[in-house]
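# Results of the structural survey
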Amino acid sequence: MRRIVKRRVEQLRPLIPAPWDMNVFLDQLEQARNRPIDLCELHWAPGDSTGAWRAMPDHDVIAYPTNTSPWHQDVIILHEIGHMLPQHAGHCVLTNQRAQQLAPDLKPAAFMHLLTSTTGAAEEQEAEAFARSMITQIEHHRHRRTPRGGLRGRVEAAFG
């Protein structure tokens, strides 16, 4: 699994924008895959699934919570991309009634089977490893600087 995740992250490394911006990354991922990705913001409550991915016939939908930090939102979205890229299959355990409670502004048919799909432990581990590896790459990109010349450049290069 580690080799698979590492290879997947290496393939996506050129798409990581500097400075980091999830929307720019998703735009580039859409172009690379030739398939749109829609983000669906939801209010998270304890006990709810924090994110979900659903493959539609002509696009992908990723749901994530609005009431958490931007960094945590990125981790959740990356985790769902970790399910999306290898096309993990789960089965839906969400009822229409629960879908309506979670997203009252959406028609139940549009939201059905989006959240709370269950996946196997191996798929969850793979998606989590993917998200962690991507966050590591993003942080590496974020802290990489162009070295300056002279004494200041040498000090920055030595001490970061």
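Scroll up for the structure.
Let us look at the overall build of the protein chain. Helices and strands together make up the secondary structure of the protein chain, namely 7 helices and 5 strands. Secondary structure elements of the protein chain occur, N-terminal to C-terminal, as α-α-β-β-β-α-β-α-α-β-α-α. Looking at the protein chain as a whole, 36% of its 160 residues qualify as buried. Sequence-distant contacts, at least 24 apart, represent 59% of the contacts inside the protein chain between residues at least 6 apart. Of the roughly 9,900 Å² of accessible surface on the protein chain, 53% is carried by carbon and sulfur atoms.

Here we come to the sheet that holds strand β3 (residues 60-65). Strands sit in the order β1-β3-β2 across an open sheet of 3 strands; the sheet is mixed. In this open sheet, the two strands that pair with only one neighbour each are β1 (37-42) and β2 (52-55). For this sheet, the mean inter-axis angle between neighbouring strands, taken without regard to orientation, is 20°. Where β2 and β3 come together, 4 bridges link them in antiparallel fashion. Bridge assignment links alanine 55 to a residue of β3, and that residue is aspartate 60. Relative to β1, helix α2 (residues 22-33) is tilted by about 145°, and along the sheet it contacts β1 and β3. Set on the sheet, helix α3 (residues 70-84) makes contact with β1, β2 and β3; between it and β3 the angle comes to about 150°.

Quick look at the pattern of salt bridges now. Under the defined criterion, the tally for this structure stands at 4 salt bridges. With its nearest N and O atoms 2.8 Å apart, the salt bridge here joins aspartate 60 to arginine 35. Taken together, the residues span a long stretch of sequence, with aspartate 60 in strand β3 and arginine 35 in the loop between α2 and β1 at a distance of 25 residues. Exposure remark for aspartate 60: the relative accessible area of 1% places this residue in the buried category. Counted as one network, the salt bridges with shared partners bring together Arg33, Arg35 and Asp60.

In terms of burial, β3 is a largely internal element, 6 of the 6 residues being buried. Judged by which residues are buried, β3 turns out to be covered on both faces: Asp60, Ile62 and Tyr64 on one side and Val61, Ala63 and Pro65 on the other are all buried. Where β1 and β3 come together, 6 bridges link them in parallel fashion. Pairing of glutamate 41 across the sheet is with tyrosine 64, part of β3. Hairpin connection from β2 to β3: 4 residues lie between these consecutive antiparallel strands.

Definitions and limits used
Residues numbered from 1 in each chain as written. Predicted model: local features only at pLDDT ≥ 70, side-chain atom pairs only at ≥ 80, totals over all residues. Heavy atoms only, no water. Helix = DSSP H or I, 4+ residues; strand = E, 2+ residues; numbered from the N terminus. Buried < 20%, exposed > 50% of the residue type's maximum accessible area, 1.4 Å probe, protein only. Contact = heavy atoms within 4.5 Å. Areas by Shrake-Rupley, 256 points an atom, 1.4 Å probe, with all protein chains shown as cover. Pairing = 2+ DSSP bridges. Axes fitted to C-alpha atoms, helices over the stretch in contact; angles between N-to-C directions. Salt bridge = Lys/Arg side-chain N within 4 Å of Asp/Glu carboxyl O.

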